[in-house]
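The primary structure of each chain is shown beneath.
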Amino acid sequence: MALGVLLLLCCATWVSATDHTVGDSSGWELNVNYTNWISGQSFVVGDKLVFKYAASQHNVETVNAAAYNACSSSSPISTGTTGQTTITLDPSGKHYFICGISNHCSQGMKLEVDVAESSSTSPSPPSSSTTNTTTPPSTTTTDNNSGAGSLSPVHATVAFMGLVVLKLGVF
Ligand SMILES: [Cu+2]
């Protein structure tokens, strides 16, 4: 049962998540207008931001709103330094990123991302995906004792497995 839930979570994310390469081909760099870039993007929970940059020149600091507004890199929540930093956007709401090197942030290397709840609007298959999101987690009912109650999650799992097989067949 737990495995089934895990499978649902993993595959639901896999089906709907989008990778957003920050700045597209320009990457994470000086002299890129990230306000323009972000105006063409929309983000839902589970999407990924991919920062690509020269590790010797830039970094990616996840910061709070105050640090974002002040371009302060004194206490980032996390810092990526490898040249390619991938951030999974979770939870919904605002996420803030800056470059902590020199004064790059005040020169424009700052990014505010507004993440929406996943996704009644995403173009995934209708019936099974709504079943996944609305089915309550199985934590409230234990699977062994209540025979009738445990049927529907199993059906959902089987349905979803069918969907996955279908998907694999298509690709
Ligand atoms: Cu920089």
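Details of the structure are given in the entry above.
Undergrad: Got a sec to walk through the pattern of salt bridges? Specific residues and values, please.
TA: Under the definition given, this model contains one salt bridge. K94 is the partner of E112 in a salt bridge, and the nearest nitrogen-oxygen pair spans 3.0 Å. Of this pair, E112 sits in strand β8 (residues 110-116) while K94 sits in strand β7 (residues 93-98); the two residues are 18 residues apart in sequence, bridging distant segments of the chain. By relative accessible area, E112 is classed as partly exposed at 32%. Since its relative accessible area comes to 44%, K94 is described here as partly exposed.

Undergrad: Summarise the state of the cysteines; cite the residues concerned and give the values.
TA: Disulfides are covalent bonds that connect the sulfur atoms of two cysteines. Applying the stated criterion to the full structure yields one disulfide. The disulfide bridge from C71 ends at C105, spanning 2.0 Å between sulfur atoms. The disulfide joining C71 to C105 has a torsion of about -75 degrees about its S-S bond and is therefore left-handed. Pair noted here: C71 is in the loop between α3 (65-70) and β5 (78-80) and C105 is in the loop between β7 and β8, with a separation of 34 residues, a long-range link.

Undergrad: Pulling in residues and values, what's your account of the sheet that holds strand β3 (residues 48-52)?
TA: Within a sheet, neighbouring strands are paired by backbone hydrogen bonds and run either parallel or antiparallel to one another. Pairing within the open sheet is mixed, and its three strands lie in the order β1-β3-β6. In this open sheet, the two strands that pair with only one neighbour each are β1 (19-21) and β6 (84-88). Between one strand axis and the next, the sheet turns through 20 degrees on average, direction left out of account. Across three bridges, β1 lies against β3 in parallel orientation.

About the thresholds
- Residues numbered from 1 in each chain as written.
- Predicted model: local features only at pLDDT ≥ 70, side-chain atom pairs only at ≥ 80, totals over all residues.
- Heavy atoms only, no water.
- Salt bridge = Lys/Arg side-chain N within 4 Å of Asp/Glu carboxyl O.
- Helix = DSSP H or I, 4+ residues; strand = E, 2+ residues; numbered from the N terminus.
- Buried < 20%, exposed > 50% of the residue type's maximum accessible area, 1.4 Å probe, protein only.
- Disulfide = S-S within 2.5 Å.
- Pairing = 2+ DSSP bridges.
- Axes fitted to C-alpha atoms, helices over the stretch in contact; angles between N-to-C directions.

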